[in-house]
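Structural overview
The chain contents come next:
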Amino acid sequence: MEPLSALIDSILSASVDLTALAILLVFLPLFVVFTARGKAGYRFGLRPIPLYSRIRQLASHATESGSPLQVSLGSGQIGSEATPEAAMALTVFDYVARHAATCAQPIHGVSGDATLMAAAQGVLQNARQESGYPENYAGRECTFYGPDPLAYAAGAAGTFGADNHLALIALGEFGAEGLWLSEALADQATTRMGGTSDPSAAALMAASLDEAVIGEDVYAAGAYLHRPSHLGSLAAQDILRLVIMLAIVVGVIMTSLGYWS
Amino acid sequence: MKRIVPIGVAVLCGLTMLVDFFVAHPLVDRIGAILVEGVTILAAFALLLGLLVLLSTHARKLKRGSQPGLSLILLIALLGTLAVGVLLPGSATLTWLFDYVYYPLQSTMAALLAFFAISAVYRAFKLRNVHAWVLMISSLFLFMAQLPLAAAISPYVPMARDWLIAVPVTAGMRGILLGAALGTVATALRILLAVDHPYA
């Protein structure tokens, strides 16, 4: 019992991040309830996000035309703080890869992180196998252009022009290289779209890309494309956002009335 | 089985790291440290894999004759730097390569960003919708308000500029950050509870 009580003591110690724990404890039940409802077949209403509609159209167009899409997965390392953004990049890549694999069409994934490239190779291999064309997977369609963000952008831009791609989808963790990549392809009269959650980089990408998502919309990719299991977590996010807004309004009123300094 | 094992390992490792974040206990801290070390080792192996893919991609391009010059430069630079790094680690030659080849190239590319930002903003300023109007008017106001002349015109101009930055801009940034934080929590929970497994 002593180790257990020591463990409980450590949880209750001052070193615990109580704010993070409180957010987790509020979010977790909402997440479980809404995800269960989503899995039971409840359809949540979704506001339209033009980027994801375009990705759907272009994935179909690419399979018909035979011109591949280039999915630029960003520089987010799996296992680092950028893992959620990298996961969303992989989700978009999975969607496009499944479309391409169904018709045995090419696709191209480029990343600025080696762990992300390895994960993308796994995603593509699964897509090819599940579509019944495992022989089409050669391990060459996902490329890594080095851990330097600008070198990655230059490599991705160079490959894009050389291989006659239909469109660029750059979604994931990007900094200034997102702008570099997008603008380097601006004169090729092609569709460029994507987004990132970092506010500074997102502003630059939103100015440059034809269609862009910023902030939380980046994390909605799965729910809008092919993962209905993500819908529940979107609903939980909306509820928690309302709670935060309410807390901000209450905080402003209380402070204005002089209850909090 | 091929999917269950990686998903199980990911969930177990993720939950352990979550517990490590909240609990200050020597045993949990040690397990967390081992897992973080494991990630570093895996990332190093992934880098090796990435290097091999890069070599094979450009060797194939060289053979196929599509942009052979660029691929040749890349291969020579990559193998040359690798050879110098392995054979003469920490030498003056390696430092020279970084100081006089790598950093100037990096600076050149970074300098292009200024021109790219201008061309992106020029396109964004095309008054297609209300957002573009708001962007243009607020940007022009902020540009003008930075000038020393602005304070001479009216003392309210610098005050309005400071208010614009401190209130609407900061509020917008915080809104984006809060939304992104909620998205991060949702994505992390989906992976931790095996609702989503984008890697398998």
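**Remarks on the overall build of chain A**
Helix and strand content of chain A: 10 helices and six strands. C-alpha atoms of chain A, sized along the principal axes, occupy 65 × 45 × 40 Å. Expressed as a percentage of the 261 residues in chain A, the buried residues total 52%. Sequence-distant contacts in chain A: of pairs separated by 6 or more residues, those separated by 24 or more amount to 72%. Accessible surface, chain A: about 11000 Å² in total, of which carbon and sulfur atoms supply 61%.

**Things to note about the overall build of chain B**
What chain B contains, in helices and strands, is seven helices and zero strands. What you see in chain B, going N to C, is helices and strands ordered as α-α-α-α-α-α-α. For chain B, the spread of C-alpha atoms along the principal axes amounts to about 65 × 50 × 35 Å. Counting over 200 residues, chain B shows a buried share of 26%. A separation threshold of at least 6 residues defines the contact pool for chain B, and within that pool the share at least 24 residues apart is 25%. Roughly 13000 Å² of accessible area belongs to chain B as shown, and the carbon and sulfur atoms make up 79% of that amount. Mean positive and mean negative side-chain charge positions of chain B (13 and 6 charges, respectively) differ by 21 Å.

**Section: the layout of surface pockets**
A volume near 1900 Å³ is recorded for the second largest pocket. Forming the walls of the second largest pocket are 44 residues, and the residues nearest its centre are Ala203, Ala206 and Ala207 of chain A together with His131 and Leu135 of chain B. Elements represented by at least two residues in the lining of the second largest pocket include exactly helix 3 (50–65), helix 8 (199–208) and strand 6 (211–214) of chain A together with helix 4 (92–124), helix 5 (130–146) and helix 7 (156–192) of chain B. The leading source of residues in the lining of the second largest pocket is helix 5 of chain B, at nine residues. For the lining of the second largest pocket, a count of residues per class yields 28 nonpolar, eight polar and eight charged. Counting contributing residues per domain, the lining of the second largest pocket is built from domain 2 (89–124) and domain 3 (125–200) of chain B, each supplying no fewer than three.

**Observations regarding the interface of chain A and chain B**
Listed as interface residues are 68 residues of chain A and, on the opposing side, 56 residues of chain B. In terms of surface lost to chain B, no three residues of chain A exceed Trp180, Glu183 and Pro199 of chain A, which account for 10% of the buried area on that side. On the surface where chain A and chain B come into contact, there are one salt bridge. Linking chain A with chain B are eight residue pairs in polar contact (both at pLDDT 80 or more), by the criterion used here. The greatest single-element share of the side of chain A that touches chain B, amounting to nine residues, is contributed by helix 5 (residues 114–130) of chain A. A class-by-class count of the residues in the side of chain A that touches chain B yields 37 nonpolar, 20 polar and 11 charged.

**Some thoughts on the sheet that holds strand 5 (residues 191–196) of chain A**
By way of backbone hydrogen bonds, the strands of a sheet pair with one another, either parallel or antiparallel. Residue and element names in this part refer to chain A. As summarised here, the arrangement of the six strands in space is 3-2-1-4-5-6, forming an open sheet in which the pairing is parallel. On the outer flanks of this sheet lie strand 3 (142–144) and strand 6, each paired with one strand and no other. Averaged over all pairs of adjacent strands, the angle between strand axes in this sheet comes to 15°, irrespective of strand direction. Pairing geometry for strand 2 (residues 108–111) and strand 3, over three bridges, is parallel. Paired with serine 111 across the bridge in strand 3 is phenylalanine 144. Contacts between helix 3 and the sheet are confined to strand 1 (69–74), strand 4 (167–173), strand 5 and strand 6, with strand 5 contributing the most and set at about 135° to the helix.

**Regarding the confidence of the model for chain B**
Averaged over every residue, the pLDDT of chain B is 87; the share at 70 or more is 98%. Highest mean pLDDT in chain B belongs to helix 3 (residues 68–87) of chain B (91); lowest belongs to helix 5 of chain B (83).

**Quick notes on the environment of leucine 82 of chain B**
All names here are of chain B. Inspection of the secondary structure assignment puts leucine 82 in helix 3. Here leucine 82 falls in the partly exposed class, since its relative accessible area comes to 42%. It is 47 Å that separates the C-alpha atoms of leucine 82 and leucine 135, two residues lying 53 residues apart in sequence.

**Focus: the side chain of serine 67 of chain A**
Residue and element names in this part refer to chain A. Tracing the chain through its elements places serine 67 in the loop between helix 3 and strand 1. Overall, the relative accessible area of 17% leaves serine 67 in the buried class. When near neighbours in sequence (up to four residues on either side) are disregarded, serine 67 contacts Ala62, Asn164 and Leu166.

**A word on unusual backbone geometry**
What is expected of a backbone is that most residues other than glycine have negative phi and most peptide bonds are trans. The backbone of alanine 104 of chain A shows a phi angle near 50°, a positive value even though the residue is not glycine. Positionally, alanine 104 of chain A belongs in the loop between helix 4 (83–102) and strand 2. Among the residues examined, alanine 104 of chain A registers a relative accessible area of 34% and is labelled partly exposed. We note that alanine 194 of chain B has phi near 60°; this positive angle belongs to a residue other than glycine. Following the sequence through the fold, alanine 194 of chain B ends up in the segment after helix 7. Alanine 194 of chain B gets classed as partly exposed once you look at its relative accessible area, which sits at 30%.

**Remarks on empty space enclosed by the protein**
Residue and element names in this part refer to chain A. According to the stated counting rule, one finds one cavity of 30 Å³ or more in the structure shown. Its volume calculated, the largest cavity comes out at about 60 Å³. Lining the largest cavity are 13 residues, and of these Ala59, Ala62, Thr63, Ala100 and Pro106 sit closest to its centre. Contributing elements (two or more residues each) for the lining of the largest cavity: helix 3 and helix 4. Among the residues making up the lining of the largest cavity, the classes are represented as eight nonpolar, five polar and no charged.

Cut-offs and rules
- Residues numbered from 1 in each chain as written.
- Chains lettered and ligands numbered in written order.
- Predicted model: local features only at pLDDT ≥ 70, side-chain atom pairs only at ≥ 80, totals over all residues.
- Heavy atoms only, no water.
- Helix = DSSP H or I, 4+ residues; strand = E, 2+ residues; numbered from the N terminus.
- Buried < 20%, exposed > 50% of the residue type's maximum accessible area, 1.4 Å probe, protein only.
- Contact = heavy atoms within 4.5 Å.
- Areas by Shrake-Rupley, 256 points an atom, 1.4 Å probe, with all protein chains shown as cover.
- Lys, Arg positive; Asp, Glu negative; His and termini not counted.
- Charge placed at Lys NZ, Arg CZ, Asp CG, Glu CD.
- 1 Å grid on protein atoms, 1.4 Å probe; cavity = no way out; pocket = protein on both sides within 12 Å on 5 of 7 lines; lining within 4 Å.
- Points joined across faces, edges and corners; volume = space filled by probe spheres on them.
- Nonpolar A, V, L, I, M, F, W, Y, C, P; charged D, E, K, R; others polar.
- Domains from an automatic or database assignment.
- Buried area = accessible area lost by both parts, 1.4 Å probe.
- Salt bridge = Lys/Arg side-chain N within 4 Å of Asp/Glu carboxyl O.
- Polar contact = N/O pair within 3.5 Å; in protein donor to acceptor, adjacent residues only side chain to side chain.
- Pairing = 2+ DSSP bridges.
- Axes fitted to C-alpha atoms, helices over the stretch in contact; angles between N-to-C directions.
- pLDDT = per-residue confidence, 0-100.

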